[in-house]
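Overview (structure and organization)
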Amino acid sequence: MFTLRDTVSFLAPARPHDLGKTLYDRFREEPDSLIIPVLDEEDRPIGLLERNAFFLRMAAEYGRALYANRPISALMDVEPLVVDAEMALAEFTTDSLSYRASDLLRGFIVTEGGRYLGVGTVLALLQAANESNRRALAELASAKATAERAQTFMTTVVEAMPSMVFVKRADDHSYVLLNRAGEKTLGFSREEMIGRTDADFYAPEQAAIYAERDRDLAESGEVRVIEEDLVPRKDGTMAILRTKKIAILDADGRPEYLLGVSEDIADRKRAEAQIARLAHYDPLTELPNRVLFQKDLSEALARRSRTGDQLAVHFIDLDRFKTVNDTLGHPLGDALLRIAAERLRGCVREGDTVARLGGDEFAVVQTGLSDLTGATKLAERVVEAMAAPFDLLGHQVMIGASVGVSAAPSDGDDADELLKKADMALYRAKADGRGAFHFFERAMDEQLQARRALELDLRRALVAGEFQLYYQPLYNLGDDRVTGCEALLRWNHPERGMVSPADFIPIAEEIGLIVQLGEWVLREACSEAATWPNHVRLAVNLSPAQFRDRGLVRTVISALAVSGLPAERLELEITESVLLQDNAANMSMLHDLKALGVRISMDDFGTGYSSLSYLRCFPFDKIKIDQTFVRDILKDKDAMAIIKAVLDLGASLGIVTTAEGVETEEQLNALRDQGCAEIQGYFISRPAPASEIARMLGVDARTLGKAGQAIRLRAPAKSSTISGVVAQEHMKRAVPSRKR
């Protein structure tokens, strides 16, 4: 009696924690493996991976990227057909075909004592069934009913298979069997094919190839696999088949039939093509991605070295794309990227490569240049094309683009080097005001090296204790006294000396150090301010990057608790960019901070484009008029009109208004005349170390830690004469400049 042990073949199993990419590579390397069993730590089967289903899932949109690094437990069939090795073959097939035919067709797992022994496949099952049938017929020739059942079983298995099954005679290669799947695959009915050979259906050259394969199969007695075979259908189209063939021997051991099983791999081929495209093209814009761009650039450089012409690399960045994405949403941001890609295609010649490197960054490889005139013209076309308005579902958007250009061989002949230098040139173009292009210059490399050195120094500066806080007073014109001080970060480098915040703050934001720096500033400033008189508030600037750290509220609570500074004496200054980035989340965080009792100020008011809407949706305690308006207050009527409007707006909303950058007596008098409540600037005091501010506020070494007496710095009405330490500080002021 035949059992499933007679059909089993051992196949190395997989484990549930194996990654999808590992199984993908294994299926590619083992073309004969149609299924792979998945076992637990005790070698008990818990799942099954079927070749076609696995490839189709991995090839679905983003499938490879989604499943490559995930365990196969997310991909496997968790209810495989598992059967004991001692089960009778006839019993197994009869039961399985009645209720789990689809599992049988994919393959099944054979166990012994509950542990993995091997796998069974339809091909092995057919061979065993045929042998069982032949023996049954020989032994039970008189039992016609049994023979009919065996024949019915064989026919049922073959007809139920989703793959094409065919049988030829070994002697003349004529067809004796073709199942339903074969009819569907080839387009010929079995009546048309039975009794005929390939020569009756295919061109002589192709029929000869098939005949040669059949002779080789019969002579070798081995399994033959044709990985990819283009077979003409009846309607003239081509089927792509993977065929596995074996010779079936008679009682004397001679080849009697040739059995073949063919699977249509067209879907798999399409899936593989899709995977290949996803690996080299950006799915949003359908432009080459960074991988293909690097390949095309390397090939273009190799050609350039042979021809001796020049080549240019253009690095393109959309100037205000992030604002569009944040304000209008990602769908419209994606639409903008697609339009930008089309405009770039329209700017280049055939043969040049346009690629999307990621985000809003694009690049172009421009070849066949005799000089850099062509590169200049292309950069101009790109800047002009991107300056035109974008129509996004009725929204007219202006963004612009900046372009950095490097050239071979003058800037190098290495792909990475050229892209790096184009990026440096782009950085210069953006620094020069955006909406422009710039060619690489050797001085840029020196600047980049200097920036990298500054970045390295910056990373160790906090640990080394090189940062310190300066404070700049805020002066209340009604009370004629200092009512607050703004904490300003300074970096005293052991070799560079004082490094400008304009140089290191942007770098700290880029490399993610600003959160640590911001926390240090809060703790140090709160500790210092706790020693000031009770009427003097502390103002601390918050970077937009700090709002991406959802622990900001906890940091503020901790700084207040450790220092003992009352929450109402802490004033946090933000800019509009905080509310442009993730508006809902940041607005929620601002409400949480205000609920603590902390005051919230909007800094640099008037430099953005949506300030008024923010004043309506959040109860700010203070708005600070940017110094660019104060600077022109005496000579520009428009500046004076804007300041007056802001002062009136603040008064109507009950918001304190502070004028920044006051540097002359005339400016102070003009602001006082307009009803300005508070001023800040060099006319009052330059930023000073904590010790000088402490003396100014009446806190010295003997009274440190105790609240000092309020210092009134009186001045006659409508007079700018400010007495005391503040006036002395005013006398020492240097050339006016930004407070940061």
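Scroll up a little and you will see the structure.
Let us look at the structure shown here. Just so we're clear, the structure is a prediction, and the values are computed from it rather than from any experiment.

Things to note about the overall build of the chain
Across its full length, the chain holds 29 helices and 27 strands. In the chain, which comprises 740 residues, the proportion classed as buried is 48%. In the chain, the share of contacts with a sequence separation of at least 24, taken over all contacts with a separation of at least 6, comes to 65%. With an accessible surface of roughly 34,700 Å², the chain has 52% of that area assigned to carbon and sulfur atoms.

Description of the sheet that holds strand β4 (residues 108–112)
Taken in spatial order, the three strands line up as β3-β4-β5 in an open sheet, and their pairing is mixed. Two strands bound the open sheet, and with one partner strand each, they are β3 (82–84) and β5 (115–120). Across the sheet, the mean angle from the axis of one strand to that of its neighbour is 35 degrees, orientation sign disregarded. Relative to β4, β3 runs parallel, the two being bridged by three bridges. Pairing of V83 across the sheet is with V110, part of β4.

As for the packing of aromatic side chains
Tallied over the entire structure, the rule returns 15 aromatic pairs. On the basis of an interplanar angle of 50 degrees and a centroid distance of 5.7 Å, the ring pair of F10 and Y116 is categorised as tilted. Of this pair, F10 sits in the segment before α1 (20–29) while Y116 sits in strand β5, and the two are 106 residues apart along the sequence. In this structure F10 comes out as exposed when scored by relative accessible area, which is 61%.

Looking at the pattern of salt bridges
Two side chains of opposite charge can pair, provided their charged atoms sit close to one another. Counted by the stated rule, this structure contains 44 salt bridges. As a salt-bridge pair, R215 and E212 come within 2.9 Å of each other at their nearest N and O atoms. Of this pair, R215 and E212 are both found in helix α10 (residues 204–220), three residues apart, which corresponds to roughly one turn of the helix. Take E212: its relative accessible area is 46%, and that puts it in the partly exposed class. The partner of E519 in a salt bridge is R523, and the shortest N-O contact between them spans 3.2 Å. Taken together, the positions of E519 and R523, both in helix α19 (residues 514–529) and four residues apart, correspond to about one turn of that helix. Here R523 falls in the partly exposed class, since its relative accessible area comes to 30%. Taken together, the shared-partner salt bridges connect E159, R180, E183 and R190 into one network.

Quick look at the packing of helix α13 (residues 321–328) against helix α14 (residues 330–347)
Relative orientation of the contacting elements α13 and α14 amounts to 145 degrees, with a least axis distance of 7 Å. Contact residues: F321, V324, N325 and L328 in α13; H330, L332, G333, L336 and L337 in α14. Here the residues of the contact of α13 with α14 sort into six nonpolar, three polar and no charged.

As for α19
Over its 16 residues, α19 runs 22 Å from end to end, which matches the ideal 22 Å to within 8%, given 1.5 Å per residue. Burial in α19 covers these residues: I514, L517, G518, V521, L522, A525, C526 and A529. Projected down its long axis, α19 carries its buried residues within an arc of 155 degrees, all on one side.

Some points on the sheet that holds strand β16 (residues 401–408)
Backbone-to-backbone hydrogen bonds join strands into a sheet, with any given pair of strands oriented parallel or antiparallel. If you walk across this open sheet you meet the five strands as β12-β13-β11-β16-β17, and the pairing is mixed. At either end of the open sheet lies a strand with only one pairing partner, and these are β12 (353–358) and β17 (437–439). Across the sheet, the axes of successive neighbouring strands diverge by a mean angle of 20 degrees, strand direction being ignored. Two elements, strand β11 (residues 310–318) and strand β13 (residues 361–369), share seven bridges in a ladder whose sense is antiparallel. Across the sheet, the residue bridging to V313 is V365, located in β13.

Details of the packing of α1 against helix α2 (residues 51–59)
How two helices sit against one another is set out by the angle between their axes and by the gap between those axes. The geometry of α1 relative to α2 is characterised by a closest axis approach of 11 Å and an angle of 125 degrees between their N-to-C directions. Compared by their axis directions, α1 and α2 come out oblique. Considering how the two elements wind past one another, α1 and α2 form a crossing that is left-handed. The segment α1 lies against α2, with G20, L23, Y24, F27 and R28 engaging R51, F54, F55 and M58.

Re the environment of L647
Examined against the element boundaries, L647 turns out to sit in helix α26 (residues 637–653). Residue classification places L647 among the buried residues on the basis of a relative accessible area of 6%. As a C-alpha pair, L647 and T658 span 11 residues in sequence and 8.9 Å in three-dimensional space. In this structure, L647 is in contact with I625, T657, Q674 and C676, ignoring residues within four places of it in sequence.

A look at the pairing of β11
The buried fraction of β11 amounts to eight of the nine residues, a majority that puts the element mostly inside the structure. Bridge count between β11 and β16: eight bridges; the pairing is antiparallel. In the sheet register, V313 faces β16, and the bridge partner there is S406.

Looking at the nonpolar core
Most often, soluble globular proteins keep nonpolar side chains buried together rather than apart. In terms of nonpolar packing, the biggest core is built from 77 residues, with Y471, L538, L570, L572 and I679 touching the most fellow members. Per-element accounting of this core gives the leading share, seven residues, to α19.

Re helix α16 (residues 415–431)
Look at α16: 24 Å from first C-alpha to last across 17 residues, which is about the 24 Å you get at 1.5 Å a residue. All of the buried residues along α16 are A415, L418, L419, K421, A422, M424, A425, L426, R428 and A429. You can read the cap of α16 off the contacts: a side-chain oxygen lies 3.2 Å from the backbone nitrogen of D416, and it is on D414. Downstream of α16 by a residue or two, G433 has a phi angle that is positive, lying close to 125 degrees.

Structural notes on the environment of R452
Here R452 lies in helix α17 (residues 442–464). Of the residues examined, R452 reaches a relative accessible area of 38% and is grouped as partly exposed. Considering only alpha carbons, one finds R452 and I507, 55 residues apart in sequence, at a separation of 9.6 Å.

Points about the pairing of strand β9 (residues 238–249)
Most of β9 sits inside the fold, with nine of its 12 residues counted as buried. Taken together, the seven bridges between strand β8 (residues 224–232) and β9 define a ladder with antiparallel strand orientation. Residue L230 lies in a different strand from β9, and its bridge partner there is I240. In textbook terms, the turn of a hairpin is the stretch between consecutive antiparallel strands, and for β8 and β9 this stretch comprises five residues, one of which, G236, has a positive phi near 95 degrees. Pairing of β9 with strand β10 (residues 255–264) involves nine bridges; the strand directions are antiparallel. The residue of β10 that forms the bridge with L241 is D264.

Observations regarding the environment of M58
Structurally, M58 is set in helix α2. Spatially, the C-alpha atom of M58 lies 8.3 Å from that of Y24, the residues being 34 residues apart in sequence. In this structure, M58 is in contact with G20, Y24, G63, R64, Y67, A68, L75 and I275, ignoring residues within four places of it in sequence.

Some details on unusual backbone geometry
Most peptide bonds are trans, and most residues other than glycine sit at a negative phi. The step from A408 to P409 runs through a cis peptide bond, and the omega angle for that step is 10 degrees. The topology assignment puts P409 in the loop between β16 and α16. One non-glycine residue with positive phi stands out, namely H173, at about 65 degrees. Inspection of the secondary structure puts H173 in the loop between β6 (164–169) and β7 (175–178). For H173, a relative accessible area of 12% translates into the label buried. A positive phi is found at L393, a non-glycine position, where the angle reads about 50 degrees. Here L393 shows up in the loop between β14 (390–392) and β15 (395–397).

How each quantity is defined
Residues numbered from 1 in each chain as written. Predicted model: local features only at pLDDT ≥ 70, side-chain atom pairs only at ≥ 80, totals over all residues. Heavy atoms only, no water. Helix = DSSP H or I, 4+ residues; strand = E, 2+ residues; numbered from the N terminus. Buried < 20%, exposed > 50% of the residue type's maximum accessible area, 1.4 Å probe, protein only. Contact = heavy atoms within 4.5 Å. Areas by Shrake-Rupley, 256 points an atom, 1.4 Å probe, with all protein chains shown as cover. Pairing = 2+ DSSP bridges. Axes fitted to C-alpha atoms, helices over the stretch in contact; angles between N-to-C directions. Phe/Tyr/Trp six-rings, centres within 6.5 Å; stacked < 30°, edge-to-face > 60°. Salt bridge = Lys/Arg side-chain N within 4 Å of Asp/Glu carboxyl O. Nonpolar A, V, L, I, M, F, W, Y, C, P; charged D, E, K, R; others polar. Expected span 1.5 Å × (residues − 1). Arc of directions from axis to C-beta. Parallel < 35°, antiparallel > 145°, perpendicular 65-115°, else oblique. Left-handed = near helix turned anticlockwise from the far one by under 90°. Core = buried A, V, L, I, M, F, W, Y, C linked by side-chain atoms within 4.5 Å. Polar contact = N/O pair within 3.5 Å; in protein donor to acceptor, adjacent residues only side chain to side chain.

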